[in-house]
Amino acid sequence: MADVVDQKSRLGDAARAFVSGPGKMLIDGQWVDSESGRTLSVTDPATGLAITTVPAGTAGDVDRAVKAARRAFEGAWSALRPVHRERLLLKLADLVEAHADELAELETLDNGKLLPMARYGDLNIAIDSLRYMAGWATKIEGTTISPSFAYVPDVSFTSQTLREPVGVIGQIIPWNFPLVMAVWKIAPALAAGCTVVLKPAEDTPLTALRLGQLICEAGMPDGVVNIVTGDAAPGAALVDHPDVDKIAFTGSTEVGQIIQRRTADTMKRVSLELGGKSPVVILKDADIGMAVQGAAQAVFFNHGQVCTAGSRLFVERPIYDAVMEGLANVAQSFVLGSGFDQNAQMGPLVSAKQRERVQAYLESGRKQGGRLVAGGDAVDGPGFFFKPAVFADVRPDMTIYREEIFGPVLAATPFDDVDAAVRLANDSIYGLGASVWTNNLTLANRVVRKLKAGSVWVNCHNLLDPAVPFGGVKMSGYGRELGHAARDLYTEAKSVTMALG
């Protein structure tokens, strides 16, 4: 891997202009500094060099943002008809599409992911999600009911349910898919008629702020979307704020547990999309070549920094050695480099802290008896690069088997029959994603129904679409994003009963 120089020179004119000076936060339609005057440095993970600075938001900044969101919710935003919300979201989608190259460059610079993946993966998903969610603005419906009320004689009644917006939403997003996560939070909330205070991840705030500029350009009323940057402080202030009606969080299970405890005092609504330790189950009748490539992509996609990463691999014993040999070859073949390098197949981890975390798990796997068949270890030189690693013969009592690593580390275990595979796959506190690889439709359906996960893929992994609900069970959280389920995340049901005489 060649040395990497300051990558701002590799940006197009628009992206370079955006990062040329210190960033500001969006509060009530205005771009402002933190009330403290403090800033945070934003780092390029491919070089370790500073990109720019953003405000270090405070509880006071969050309070200003929440008050602006409340005014908008009770004023200009609630006065808009659903079709007007739909048109604003569609206009925003058009603007994101028009600036897709610029946004992809910012994502690669800020997060480290490969530029083609950012441009043709993240950006397309974000654009499609905006357009899909825009359509829900005009399709939020209630029901009519013919109640009995048998204990009230000689009077007729009719009942109906209304779906009404929850109100002011505090949204906290992670650093692995910064723009997509911002869109997945903001778009359904606005379609439902809510207003938003968004807290981007400390490591990757740039595309959220650029999205905020496009939101203003699209004509959203002031205060409908507010974006407060910073470390953990503004996130905690959002969770604790008494005038926030709901928290929507994507991130680690540990932080999700803290949020759940802290919101108990105000009883605000909560949806949590948390960690995972997703199993990949390969049955002996599977196409070995396809399964090897699929298992590799399941865990190494986005450098392993994916909540549904297929980090636990279970392979039926007759094909175990062949699959492990294939995965070792794939892991060793990856070319590491900057996301802007055309030859790179894997970029850096997001930060030095994250690389240290992954390295610690690798050492744990070695010490606890895992057989490292490929890769591992940090790469010397600039940036936060880490070689993808494959462990064979991993036992269920090992740390790398049980804990979410959030990096390119695969833990593989053989099994002898389908029932054993299901037991192993479900032997986790998590339940976000899973996949099964087989050419036997009967077996596929049998395993799918027994796997305890919010999303199960057959002969594929990590495929997401705006129309398909996404979320987890067990310690992977609750609530579903995307699809019809997103309507329920940001609306409340109200029952209305009327006496007819």
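As a reminder, the structure under discussion sits directly above these lines.
Analysis parameters
- Residues numbered from 1 in each chain as written.
- Predicted model: local features only at pLDDT ≥ 70, side-chain atom pairs only at ≥ 80, totals over all residues.
- Heavy atoms only, no water.
- Axes fitted to C-alpha atoms, helices over the stretch in contact; angles between N-to-C directions.
- Helix = DSSP H or I, 4+ residues; strand = E, 2+ residues; numbered from the N terminus.
- Contact = heavy atoms within 4.5 Å.
- Nonpolar A, V, L, I, M, F, W, Y, C, P; charged D, E, K, R; others polar.
- Core = buried A, V, L, I, M, F, W, Y, C linked by side-chain atoms within 4.5 Å.
- Buried < 20%, exposed > 50% of the residue type's maximum accessible area, 1.4 Å probe, protein only.
- Pairing = 2+ DSSP bridges.
- Salt bridge = Lys/Arg side-chain N within 4 Å of Asp/Glu carboxyl O.
- Parallel < 35°, antiparallel > 145°, perpendicular 65-115°, else oblique.
- Left-handed = near helix turned anticlockwise from the far one by under 90°.

Q: Go over the packing of helix α9 (residues 232–240) against helix α10 (residues 253–263) with me, naming the residues and quoting the values.
A: Where α9 meets α10, the axes come as close as 9 Å, and the angle between the chain directions of the two elements is 35°. Along its contact with α9, which presents A236, V239 and D240, the element α10 presents I259, R262 and T263. Tallied by class, residues from the contact of α9 with α10 come to three nonpolar, one polar and two charged.

Q: Before we move on, can you summarise the nonpolar core with the specific residues and values?
A: V96, L190 and L211 are the most contacted members of the largest nonpolar core, which has 77 residues in total. Considering every element that reaches this core, the biggest residue donor is helix α7 (residues 178–192), with 12 residues. With near-sequence residues (within four places) excluded, L211 lies in contact with L92, V96, L179, A182, V183 and I186. The next biggest cluster of nonpolar side chains, apart from the first, holds 32 residues, and it includes A296, V299, F300 and A331.

Q: How would you summarise the pairing of strand β16 (residues 409–415) if you had to cite specific residues and measurements?
A: Of all seven residues making up β16, seven are buried, and the element is well covered by its neighbours. Note: strand β13 (residues 312–316) against β16, five bridges, orientation parallel. If you follow R312 over to β16, its bridge partner there is A411. Pairing analysis gives three bridges linking strand β15 (residues 389–392) to β16, with the strands arranged parallel. Each residue of the ladder has a partner; that of F391, found in β16, is A411.

Q: How would you summarise the pattern of salt bridges if you had to cite specific residues and measurements?
A: Oppositely charged side chains can form a pair if their charged atoms are brought close together. The final tally for this structure, using the stated rule, is 28 salt bridges. D243 is paired through a salt bridge with R70; the nearest N and O atoms lie 3.1 Å apart. Of this pair, D243 sits in the loop between α9 and β10 (246–250) while R70 sits in helix α2 (residues 59–74), and the two are 173 residues apart along the sequence. A relative accessible area of 27% places D243 in the partly exposed class. For R371, the salt bridge goes to D393, with nearest N and O atoms at 3.0 Å. Within this pair, whereas R371 is found in strand β14 (residues 371–374), its partner D393 is found in the loop between β15 and α14 (399–402), the two being separated by 22 residues in sequence. Here the salt bridges share partners, and the residues they tie into one network are R70, E74, D243 and D245.

Q: Can you break down the environment of P242 residue by residue, with the values?
A: Within the element layout of this structure, P242 appears in the loop between α9 and β10. Along the chain, P242 and R262 lie 20 residues apart, while their C-alpha atoms are 11 Å from each other.

Q: For the packing of helix α5 (residues 100–111) against helix α6 (residues 115–136), give the residues involved together with the corresponding values.
A: Where α5 contacts α6, the two axes come as close as 8 Å, and the packing angle between them is 125°. With respect to their mutual orientation, α5 and α6 come out oblique. The handedness of the crossing between α5 and α6 comes out as right-handed. Between α5, through A100, D101, L103, A104, E105, E107 and T108, and α6, the contact on the second element is made entirely by L115, A118, R119, D122 and L123. A breakdown of the residues in the contact of α5 with α6 according to their chemical character gives six nonpolar, one polar and five charged.

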